[in-house]
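Chain by chain, the residues:
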Amino acid sequence: MPRYTVHVRGEWLAVPCLNRTNTIRWLGKEAVRRYMKNKPDNGGFASVEEVKFYIRRCKGLGLLDLDDTVEDALEDNEFVEVVIEGDIMSPDFIPSQPEGVHLYPFFEHFYLSLDGNSLTTEDLVNLGKGLYKIKLTPEAEAKVKQSREVIERIVKEQTVVYGITTGFGKFARTVIPNSKLRELQVNLVRSHSAGVGKPLSPERSRMLLALRINVLAKGYSGISLETLQQVIEAFNASCLPYIPEKGTVGASGDLAPLSHLALGLIGEGKMWSPKSGWADAKYVLEAHGLRPITLKPKEGLALINGTQMITSLGCEAVERAGAIARQADIIAALTLEVLKGTTRAFDTDIHAVRPHRGQAEVAFRFRSLLDSDHHPSEIAESHRFCDRVQDAYTMRCCPQMVFAERAETISGGNFHGEYPAKALDYLAIGVHELAAISERRIERLCNPSLSELPAFLVTEGGLNSGFMIAHCTAAALVSENKALCHPSSVDSLSTSAATEDHVSMGGWAARKALRVIEHVEQVLAIELLAACQGIEFLRPLRTTTPLEKVYDLVRSVVRPWMKDRFMAPDIEAAHRLLVEQKACAVWEVANPYIEKYRREHIPESRPISPTAFSLGLLEMSSGVGHDHRHQDEL
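All figures in this text were calculated on a predicted structure; none of them were measured in a lab.

Participant: An account of the overall build of the chain is requested, with residue identities and associated values reported.
Facilitator: For the chain, the count of helices and strands is 23 helices and twelve strands. Buried positions account for 55% of the 634 residues belonging to the chain.

Written out as structure tokens, the structure is:
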């Protein structure tokens, strides 16, 4: 029998439909009738007939014609919402489509095989985007089974073991009878689901869920293979629990966020899927043919005890930091060309003196983009014999902004978030410098006494303000980053009745690192626009071939600044060129020239990752490494 899940004033109602020729109006009235039946005061209505309403899909919020039949308008078990005329939106309303949700394709023919040890940051980000589904390797399945056998033996022999047959934290000495061991795990998940704030986006929820699956695949948590497979099925269907972004102190792992994750998987709380939007978890699971998980002894603890929120957000931060660090070199090279700087500061011998591989790599990129012998530049030729001795630090010191490179249970502290929290604090500080020096270069581009270009890069200055306030925006973002770069991991508050007497605050470290990186991306987007605008005033002279390609890319989305116009869309367009990892991204346009130069000048060389330091962050916390990807076709 067809059935529809209908949202009425904060409640979800299952409405069966015996006759699919019934109208959408009938469905709305039946949902309102059931809503009134559940309310002592009939929900404030005298009768169903007096209620005026309209109906929209939960996915996409498309309005439905009340006279259409359900057969013509809806799919079986679709999610819809009855909106009663005169109602106002509640301040705690959960939108059907969360902020930042983008439609993404599912590649149904490819799976990523997880073994707990081979997942990379790139893999995790792609899982977050919905590019792959998940399955376990046979080796991982075997380890999970062996681990579960230990737990079953403990329960059968009634051995006293923390979290399996005892309470938690301060209640560790309270022994729980076997008859209540399942209830213990459910109570743990419910009571620890105490987070607040906006939910994580679907992409970040998928990353969090995927990373938790990866850790459970190691076979050290005691979860059953049956339960783990149910978690994987929820991931593959993109059934994502409501996970508030705030509430973790990163001590006994990310308890609150992971508890909300587990809460949805057991069919409680809210859940989102592309098919349903936000709805009660039990309805979302059922709509995808899935059952809520029934927790066995130890399984609640297995699901919530880890640092996967810190680490999944940290992985995103690492990937985005690496991408913007690479592209910062290209933008800086373009600015150097516009300001008629010298490339002598990037001489090979200078950088061979210091033992910093990252510094040498960045200098190499500058040479590959600016070498006039390799890529003739009319702009460079125009000032070859000038009397300038050296450039400002923000141009000649760019390369120095670099990143460093048994059958028993044991209660340990590997779940503590101090390691990734520290790494993320360092990441925020390091990547902030990219924006700090970029903002100074924007100042040089806009200041006619430093650039020999029109003030604020615009003609008819005074009538037009040009890049005046864009530079102010960059300065404001850099200043805000200074506050955000204060390390969160130096803070600690004792929690859980002093059982967790030193915490990492790693959740905040991860969230603010992402905010810092977003600000860095925006500052560099402004510099990219300013540098391209500077090129306009040097025409008809041309720069090097790769930098002309970057200029052409920018001009494909942002036209030259001939007179003042609404600037925010231009900044956003340039920002997208930096963050979208597509063939049309800044790095993808310039990188072929960099690699060609490398092959011609350094035989048998390999490019250096600007984020090699991420190995420590990832391997210490959640089994994410830099190994090869495992993909299998169905």
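Participant: Would you mind going over the environment of Leu477 in detail, with residue names and values included?
Facilitator: Take Leu477: it is sitting in helix α18 (residues 468–484). The class for Leu477 is buried, based on a relative accessible area of 12%. Through-space distance from the C-alpha of Leu477 to that of Glu518 is 9.5 Å; in sequence the pair is 41 residues apart. With sequence-adjacent residues up to four places away left out, Leu477 is seen in contact with His519, Gln522 and Val523.

Participant: Run through the environment of Cys485, naming residues and quoting values.
Facilitator: Its location among the elements puts Cys485 in the loop between α18 and α19 (506–536). When the C-alpha positions of Cys485 and Lys512 are compared, they lie 8.0 Å apart, and in sequence the two are 27 residues distant. Those residues in contact with Cys485 that lie beyond four places of it in its chain are Ala428, Ile429, His432, Lys512 and Val516.

Participant: Outline the nonpolar core, listing residues and values.
Facilitator: Judged by nonpolar contacts, the single largest core of 154 residues is most densely connected at Ile213, Phe467 and Leu528. Beyond its immediate stretch of four places on either side in the chain, Phe467 contacts Cys446, Phe456, Leu457, Ile526, Leu529, Ala530, Gln533, Trp561 and Met567. If you look at the next biggest cluster of nonpolar residues, it comprises 25 residues, including Ala31, Met36, Ala73 and Val82.

Participant: Provide a residue-level description of empty space enclosed by the protein, including the pertinent values.
Facilitator: Estimates place the volume of the largest cavity at around 60 Å³. If you go around the largest cavity, the residues you meet are Phe467, Leu529, Gln533, Arg555, Val558, Arg559, Trp561, Arg565, Met567 and Asp570. The class makeup of the residues in the lining of the largest cavity is five nonpolar, one polar and four charged.

Participant: Outline the sheet that holds strand β1 (residues 3–8), supporting the account with residue identities and numerical values.
Facilitator: What links the strands of a sheet is backbone hydrogen bonding, and the strands pair in either a parallel or an antiparallel sense. Spatially, four strands are ordered β2-β1-β4-β3 in an open sheet, and the strand pairing comes out mixed. Unpaired on one side and paired on the other, β2 (11–16) and β3 (53–57) mark the two borders of the sheet. Neighbour-to-neighbour, the strand axes of this sheet turn through a mean angle of 30°, independent of strand direction. In the sheet, β1 pairs with strand β4 (residues 79–84) via four bridges, with the strands oriented parallel. Bridge pairing in β4 links Val8 to Val82. Where helix α1 (residues 24–37) meets the sheet, its contacts fall on β1, β2, β3 and β4, and the angle it forms with β2 comes to roughly 125°.

Participant: Quick rundown of the sheet that holds strand β11 (residues 277–280)? Include the residues and the values.
Facilitator: Within the open sheet, the three strands sit side by side as β8-β10-β11. Their pairing is antiparallel. Strands with a single pairing partner mark the edges of an open sheet, and in this sheet they are β8 (240–241) and β11. In this structure, β8 lies alongside strand β10 (residues 270–273), joined through two bridges in antiparallel fashion. Counted as the bridge partner of Pro241 is Met271 from β10.

Participant: Give a description of helix α13 (residues 357–370) that names residues and reports values.
Facilitator: Under the 1.5 Å per step criterion, the end-to-end length of α13 is 20 Å for 14 residues, consistent within 8% with the ideal 20 Å. Most of α13 sits inside the fold, with eleven of its 14 residues counted as buried. Restricting attention to buried positions, one finds in α13 the residues Gln359, Glu361, Val362, Ala363, Phe364, Arg365, Phe366, Arg367, Ser368, Leu369 and Leu370.

Participant: Explain the side chain of Thr5 to me, and be specific about the residues and the numbers.
Facilitator: Within the fold, Thr5 resides in strand β1. Its relative accessible area of 0% is what places Thr5 among the buried residues. Residues within four places of Thr5 in sequence aside, it is in contact with Trp12, Leu13, Asn77, Glu78, Phe79, Val80 and Tyr283.

Participant: I'd like a description of unusual backbone geometry, backed by residues and values.
Facilitator: Cis geometry is found at the peptide bond from Arg539 to Pro540, where omega equals 15°. For Ser238, which is not glycine, the phi dihedral falls at a positive 60°. Within the secondary structure, Ser238 sits in the loop between α7 (225–236) and β8. We note that Leu457 has phi near 60°; this positive angle belongs to a residue other than glycine.

Participant: Could you give an account of the pattern of salt bridges, naming the residues involved and the relevant values?
Facilitator: Under the criterion given, the structure shown has 27 salt bridges. The partner of Asp280 in a salt bridge is Lys270, with the nearest N and O atoms 2.8 Å apart. Here Lys270 lies in strand β10 and Asp280 lies in strand β11, a separation of ten residues in the sequence. On the basis of relative accessible area, Asp280 is assigned to the buried category, the value being 18%. Given the relative accessible area of 24%, Lys270 is considered partly exposed. Here Arg365 ties to Asp329 by a salt bridge, and the two come within 2.7 Å at their closest N and O atoms. Pair noted here: Arg365 is in helix α13 and Asp329 is in helix α11 (residues 308–338), with a separation of 36 residues, a long-range link. The same class applies to Arg365 and to Asp329, which are both buried. Through salt bridges that share partners, Asp329, Glu361, Arg365, Glu595 and Arg598 make up one connected network.

The rules behind these values
Residues numbered from 1 in each chain as written. Predicted model: local features only at pLDDT ≥ 70, side-chain atom pairs only at ≥ 80, totals over all residues. Heavy atoms only, no water. Helix = DSSP H or I, 4+ residues; strand = E, 2+ residues; numbered from the N terminus. Buried < 20%, exposed > 50% of the residue type's maximum accessible area, 1.4 Å probe, protein only. Contact = heavy atoms within 4.5 Å. Core = buried A, V, L, I, M, F, W, Y, C linked by side-chain atoms within 4.5 Å. 1 Å grid on protein atoms, 1.4 Å probe; cavity = no way out; pocket = protein on both sides within 12 Å on 5 of 7 lines; lining within 4 Å. Points joined across faces, edges and corners; volume = space filled by probe spheres on them. Nonpolar A, V, L, I, M, F, W, Y, C, P; charged D, E, K, R; others polar. Pairing = 2+ DSSP bridges. Axes fitted to C-alpha atoms, helices over the stretch in contact; angles between N-to-C directions. Expected span 1.5 Å × (residues − 1). Salt bridge = Lys/Arg side-chain N within 4 Å of Asp/Glu carboxyl O.

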